[in-house]
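# Architecture at a glance
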Amino acid sequence: MDIQALEAFIAVAGCGSFSMAAEQLHVTQPAISKRVAGLESDLGCSLFDRLPREAVLTPSGQALLIKARHIVDEIHALRSNLSDLSGNLAGTLKLCTSHHIGLHKLPPLLRLYRQLYPQVKLELHFLGSEEAFTAVEQGKVDLAFATLPEENREKLNASPLWHDPLVFVCARDHQLAQRKKLQLQDLADVDAILPETDTVTYQVVANLFKDANLKLQVALPTNYLETIKMMLSVGLGWGVLPVSMLDNSLKTLPINSVPLSRELGLLTRKGKTLTMAAQRFIELTEQHN
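The numbers attached to residues start from 1 for each chain and follow its sequence in the written order. Totals for whole chains, interfaces and linings use every residue, but because this is a predicted model, local features are given only for residues with pLDDT of at least 70 and side-chain atom pairs only at 80 or more, for both listing and counting. To get the side-chain values, take all heavy atoms of the structure and skip hydrogens and water.

The next point concerns the nonpolar core. As a rule of thumb, nonpolar side chains are buried together in soluble globular proteins. Of all hydrophobic cores here, the largest spans 36 residues; its most connected members are Phe168, Leu187, Phe209 and Trp238. Every helix listed is a DSSP run of H or I at least four residues long, and every strand listed is a run of E at least two residues long, numbered separately from the N terminus. Listing elements by their share of this core, those giving two or more residues are helix H7 (129–137), strand E5 (143–147), strand E6 (156–171), helix H8 (184–188), helix H9 (200–211) and strand E9 (260–269). Of all the elements, H9 adds the most residues to this core, at six residues. Think of a nonpolar core as a cluster: buried Ala, Val, Leu, Ile, Met, Phe, Trp, Tyr and Cys residues, connected wherever their side-chain atoms sit within 4.5 Å. The buried label applies to any residue whose accessible area, calculated with a 1.4 Å probe on protein chains only, is under 20% of its type's maximum; exposed applies above 50%, and partly exposed to all values in between.

Below, the structure written as structure tokens:
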């Protein structure tokens with residue numbers, strides 16, 4: 001079975017389009033069509049329903065997709081590891097990270113890794129938590145650094161690296177900053193500036209309010225904590241930020257009875273053989289954590 005044919009099949013399945021898959025793999029559309037047609041001929045079945053503007057997986061295609069991703073991952077890992085046996089760590093390491101971790105935790109590790117293994121091409125993507133989970137599960141990246149999911153996910157290995165305490169904050173001239181005692185009910189009456197609803201941080205806060213039978217009033221959601229910090233500092237609402245981000249522009253709100261935190265860490269896909277490049281990055285992270 002041709003590895004290029006499997007890669008073409010996976011790309012078309014992911015894009016839902018032969019032309020978009022061709023752009024992704026940097027080949028022509030006829031080349032993609034030929035590879036998929038050859039795979040269908042080898043397997044004796046149709047893998048896609050070719051609609052006017054979309055390529056949709058057939059039941060046979062759906063059955064093949066998971067196996068195909070596993071086969072391609074194993075072959076790439078084998079090639080990389082065999083190459084590494086020559087003594088020069090090389091290949092491509094695909095990472096994704098949240099903006100907060102990418103800006104505040106990873107730079108020293110990336111710098112050191114580059115110094116130790118200059119032949120490895122680093123491919124870095126900034127994604128939200130849920131997007132990072134999906135990217136790892138689908139094998140689009142080797143490693144992800146993100147806020148860890150609160151519940152176990154069947155396809156993910158999650159390794160905690162950094163405990164991240166959170167606090168309620170607002171601008172120093174905000175109406176809430178003048179109060180010496182506050183309850184969650186007081187926050188429910190004021191606009192909140194929080195990450196998007198599919199993030200772990202939002203879910204932590206939302207569950208807290210749900211348990212108290214209170215409703216959140218969220219304005220201007222964004223996944224960038226630095227942007228949230230700026231909006232809070234100019235008085236647009238209250239929010240929740242890591243303790244490590246606090247400065248004189250913000251005031252911690254005195255809701256001491258409500259401890260908040262999240263776990264930041266490493267995500268890999270269960271059952272996936274990691275390349276030597278990925279293994280070395282994990283070792284480096286553990287050594288310097």
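Let us look at the packing of helix H6 (residues 107–116) against helix H11 (residues 276–287). Axis lines are fitted to C-alpha atoms, over the contacting stretch for helices. Their N-to-C directions set the angle, which ranges from 0 to 180 degrees. Relative orientation of the contacting elements H6 and H11 amounts to 130°, with a least axis distance of 11 Å. The angle between H6 and H11 falls in the class oblique. For the element pair H6 and H11, the recorded crossing hand is right-handed. Contact residues: H6 offers Leu109, Leu110, Leu112, Tyr113 and Leu116, while H11 offers Ala277, Arg280, Phe281, Leu284 and Thr285. Put simply, Ala, Val, Leu, Ile, Met, Phe, Trp, Tyr, Cys and Pro go in the nonpolar bin, Asp, Glu, Lys and Arg in the charged bin, and everything else, Gly too, in the polar bin. Looking at the contact of H6 with H11, its residues break down into eight nonpolar, one polar and one charged. Here roughly perpendicular refers to angles of 65 to 115 degrees, roughly parallel to angles under 35, roughly antiparallel to angles over 145, and oblique to all remaining angles. Should the near helix be turned anticlockwise from the far one by less than a right angle, the crossing is left-handed, and should it be turned clockwise, the crossing is right-handed. Any two residues whose heavy atoms approach within 4.5 Å are treated as being in contact.

Attention now goes to the pairing of E5. The element E5 is largely enclosed, with a buried count of five among its five residues. Between any two strands, pairing holds if DSSP finds at least two bridges. Where strand E3 (residues 92–97) and E5 come together, three bridges link them in parallel fashion. Its bridge partner being in E5, Thr97 is matched across the sheet by Phe145. Pairing geometry for E5 and E9, over four bridges, is antiparallel. Looking at E9, one finds that Ala144 is bridged to Leu267.

Now for the layout of surface pockets. Points on a 1 Å grid, built from protein atoms alone, make a cavity when a 1.4 Å probe fits but cannot get out and make a pocket when they are open with protein on both sides within 12 Å along at least 5 of 7 lines; residues with an atom within 4 Å of a point are the lining residues. Grid points are joined across faces, edges and corners, and a volume is the space filled by probe spheres set on the points. What the largest pocket holds in volume is close to 1100 Å³. Taken together, 33 residues line the largest pocket, and the ones lying closest to its centre are Gln24, His76, Lys94, Gly139 and Lys140. Counting only elements with at least two residues in the lining of the largest pocket, the list comes to helix H1 (3–15), helix H2 (18–25), helix H4 (59–84), E3 and strand E4 (121–126). Looking at which element gives the most residues to the lining of the largest pocket, the answer is H4, with seven residues. Looking at side-chain class alone, the lining of the largest pocket contains twelve nonpolar, ten polar and eleven charged residues.

Below, the discussion takes up H1. One less than the residue count of a helix, multiplied by 1.5 Å, gives the span that helix is expected to have. For H1, spanning 13 residues, the distance from its first C-alpha to its last is 18 Å, which sits close to the expected 18 Å at 1.5 Å a residue. Every buried residue of H1 is listed here: Ile3, Ala5, Leu6, Ala8, Phe9, Ile10, Ala11 and Val12. N-cap assignment for H1: the residue whose side-chain oxygen lies 2.9 Å from the backbone N of Gln4 is Asp2. Two residues or fewer after H1 comes Gly16, characterised by a positive phi angle close to 70°. We define a polar contact as two N or O atoms separated by no more than 3.5 Å, with the added condition that, inside protein, one atom must be a possible hydrogen donor and the other a possible acceptor, whereas residues neighbouring each other in sequence contribute only through side-chain atom pairs.

Here we take up the packing of aromatic side chains. When the centres of two rings from Phe, Tyr and Trp lie within 6.5 Å, Trp using its six-membered ring, the rings pair. Their planes under 30 degrees apart give stacked, over 60 give edge-to-face, and anything left gives tilted. Tallied over the full model, the rule gives eight aromatic pairs. An aromatic cluster is defined as three or more aromatic residues linked by ring pairs; in this entry it consists of Tyr113, Tyr117, Phe145, Trp162 and Phe281.

Right, let's talk about the environment of Thr199 for a bit. Along the chain, Thr199 falls in the loop between H8 and H9. Using a relative accessible area of 7% as the deciding quantity, one classes Thr199 as buried. With 80 residues separating them along the chain, Thr199 and Gln119 place their C-alpha atoms 34 Å apart. In this structure the side chain of Thr199 is engaged in a polar contact, spanning 3.3 Å, whose partner is the backbone nitrogen of Tyr202.

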